[in-house]
Amino acid sequence: FVAEALSKNKRSRVTRFSAAYNLIDHVGFGALLEVCGKPHCKLKMIDLQNNRISRCSSGSVTQSIGRTTSLEILNIAQNRVADITEIGMGMYLNKSIKELICYENNIADDSMFWFSMWGKDKSNLHGTKLHNLDLRNNKLGDRAATHLVMGLRHRKFNRTLKRLDISDNLADPLLVEAVSVFMDPNRPYKYNKMQAEKLVKQKRSEDKKYWKERDWEALQKKRKEALDEAVRRLNSRTDDEVELDMIVGATLASRIPIVRNIAAFSNQMRFGVKPNWQLQAELIQQQKQRAALDIAFRKSLIKGIKN
């Protein structure tokens, strides 16, 4: 009802609207922003802290923020907002908002891409008037912090930004420090940019080292499994080795060379076939050769894994 009244009353001189600690949801939030987009709106401050706003996709949020010329402070802290992309895209076109307060929400890691886009569109050269962006105690991670650093590199488009707070989030401390370095007013911008890029480079090298260690651990685990399998195969008895042990119990005659030759010749003359013990001896020799080759192969496999 308040948004409807402000929208219809073209003579309204209301400049501050505070409805903190109420039950306003995303529908009411979208309606208020649509009012701000009206040419006759004079609102300079909207305070919706600690309400039930869960998203910023109700109504024409981007268009309303981009059109408003009076709104200077937007406070949506301590709500349930997970994505502020539409607000950010509206900020890209906005020339009036100076403070955007979003601490203690559920802003996700992938909702800050809009910040990195500032300065890439050469047709939009005016930049933003934002000087305070409060993102404390959300769910921003390394991706969001990287997007913030990328956006801060375009100094021409965010020269007015004096405070950007991403503390108490999930981002790596190096990236958080890189953002704070950009915000240091006591040093030249070029020096801050150089220091921030060093921190980002250090973070990337640590990530590369981390994943390299993880890959090395996986490789070592794989090699250990292969080594264990090779040792198990070497220590286990193959079918050929079991058969060889059974055949070794041949008669004594098959082990004496002279007796063996005479018996083999006579057996072939009488029956036309080799005697059983001779067949067993030939089989034994074949099995020994196969077993020796198999053992040599497994030993070489173990040696190759260890090296």
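Please read these numbers as outputs of a predicted model, since none were measured by experiment.

Trainee: So what exactly am I meant to see when it comes to the overall build of the protein here?
Mentor: Scanning the protein from terminus to terminus reveals 11 helices and 6 strands. The 307 residues of the protein split such that 38% are buried. Within the protein, contacts between residues separated by at least 24 positions form 84% of all contacts whose residues are at least 6 apart in sequence. For the protein, the accessible surface area stands at approximately 18500 Å², while carbon and sulfur atoms represent 54% of it.

Trainee: Explain the packing of helix H6 (residues 142-152) against helix H7 (residues 173-182) to me, please; I cannot follow it from the model alone.
Mentor: To describe two helices that pack against each other, one gives the angle between their axes and the distance between the axes. Their axes nearest at 9 Å, the elements H6 and H7 cross at an angle of 25°. One element, H6, and the other, H7, form an angle in the roughly parallel class. Note that H6 runs across H7; the crossing there is left-handed. Taking contact as the criterion, the partners of Asp142, Ala145, Thr146, Leu148, Val149 and Leu152 in H6 are, on H7, Leu175, Ala178, Val179 and Phe182.

Trainee: Sorry, what's going on with unusual backbone geometry here?
Mentor: Among all residues except glycine, the phi angle is most often negative; among peptide bonds, the trans geometry is most common. A positive phi angle is found at Tyr21, which is not glycine, with a value near 60°. Here Tyr21 is to be found in the loop between strand E1 (16-18) and helix H2 (26-36). According to the relative accessible area criterion, Tyr21 is exposed, its value standing at 57%. The residue Asn137 is not glycine, and still its phi comes out positive at about 55°. With respect to the element layout, Asn137 can be found in the loop between strand E5 (132-134) and H6. By relative accessible area, which is 38% here, Asn137 ends up partly exposed.

Trainee: Even after reading the chapter, I still don't get helix H4 (residues 85-93), so can you show me in this structure?
Mentor: Note: α-helices contain 3.6 residues per turn, so residues at a spacing of three or four share the same orientation. Turning to H4, its buried residues are Ile87, Gly88, Gly90, Met91 and Tyr92. Contacts from the buried residues of H4 go to H2, helix H3 (61-67), strand E4 (99-101) and helix H5 (113-116).

Trainee: What's the story with the sheet that holds strand E3 (residues 73-75) in this structure? I'm lost.
Mentor: The strands making up a sheet are joined through hydrogen bonds of the backbone, oriented either antiparallel or parallel. Spatially, E1-E2-E3-E4-E5-E6 is the arrangement adopted by the 6 strands of the open sheet, whose pairing is parallel. Two strands bound the open sheet, and with one partner strand each, they are E1 and strand E6 (163-165). The mean angle between the axes of side-by-side strands here comes to 5°, regardless of whether they run parallel or antiparallel. Bridging between strand E2 (residues 45-47) and E3 involves 3 bridges; their strand directions are parallel. Opposite Ile46, over in E3, you have Leu74 as the bridge partner.

Trainee: Explain the packing of aromatic side chains here, please?
Mentor: Aromatic ring pairs are reported here in terms of the distance separating the ring centres and the angle at which the planes meet. Evaluated as defined, the whole model comprises 2 aromatic pairs. With a centroid separation of 5.7 Å and 70° between ring planes, the pair formed by Trp114 and Phe115 is classed as edge-to-face. Accessibility assignment for this pair places Trp114 and Phe115 in one class, buried. Ring centres of Phe182 and Tyr189 lie 6.1 Å apart, and the angle between their planes is 35°; this geometry places the pair in the tilted category. The exposure class assigned to Phe182 is buried, which follows from its relative accessible area of 5%.

Trainee: What am I meant to see in the confidence of the model for the protein here?
Mentor: Detailed reading of predicted coordinates is not advised where the pLDDT is low. With 73% of its residues at a pLDDT of 70 or more, the protein has an overall mean of 79. Within the model, the stretch residues 240-254 combines pLDDT values under 50 with 26 contacts to residues more than four positions away or in other chains.

Trainee: Is there a simple way to think about the nonpolar core in this case?
Mentor: Most often, soluble globular proteins keep nonpolar side chains buried together rather than apart. Ranked by internal contacts, the top residues of the largest apolar core, which has 57 residues, are Phe29, Leu48, Ile87, Met112, Phe115, Leu135 and Leu164. Among the secondary structure elements, those contributing two or more residues to this core are helix H1 (2-8), H2, H3, H4, H5, H6, H7 and helix H8 (189-235). Considering every element that reaches this core, the biggest residue donor is H7, with 6 residues. Once you skip the residues sitting within four places of it in the chain, Phe115 turns out to touch Leu133, His147, Leu148, Gly151, Leu152, Leu161 and Leu164.

Trainee: I'm lost on the state of the cysteines in this one. Help?
Mentor: Where two cysteines share a covalent bond between their sulfur atoms, that bond is called a disulfide. Summed over all chains, the structure comprises 0 disulfides. Cysteine Cys41 is unpaired, with the sulfur of Cys36 as its nearest cysteine sulfur at 4.5 Å. Judged by its relative accessible area of 10%, Cys41 is buried. Free of any disulfide, Cys102 has its nearest neighbouring cysteine sulfur in Cys56, separated by 7.6 Å.

Trainee: Could you clarify how one ought to interpret the side chain of Thr62 in this entry?
Mentor: When you line up the elements, Thr62 lands in helix H3. Side-chain polar atoms of Thr62 contact the backbone oxygen of Glu86, separated by 3.0 Å. Apart from the residues lying within four places of it in its own chain, the contact partners of Thr62 are Glu86, Met89 and Gly90.

Each value, and the rule that gives it
Residues numbered from 1 in each chain as written. Predicted model: local features only at pLDDT ≥ 70, side-chain atom pairs only at ≥ 80, totals over all residues. Heavy atoms only, no water. Helix = DSSP H or I, 4+ residues; strand = E, 2+ residues; numbered from the N terminus. Buried < 20%, exposed > 50% of the residue type's maximum accessible area, 1.4 Å probe, protein only. Contact = heavy atoms within 4.5 Å. Areas by Shrake-Rupley, 256 points an atom, 1.4 Å probe, with all protein chains shown as cover. Axes fitted to C-alpha atoms, helices over the stretch in contact; angles between N-to-C directions. Parallel < 35°, antiparallel > 145°, perpendicular 65-115°, else oblique. Left-handed = near helix turned anticlockwise from the far one by under 90°. Pairing = 2+ DSSP bridges. Phe/Tyr/Trp six-rings, centres within 6.5 Å; stacked < 30°, edge-to-face > 60°. pLDDT = per-residue confidence, 0-100. Core = buried A, V, L, I, M, F, W, Y, C linked by side-chain atoms within 4.5 Å. Disulfide = S-S within 2.5 Å. Polar contact = N/O pair within 3.5 Å; in protein donor to acceptor, adjacent residues only side chain to side chain.

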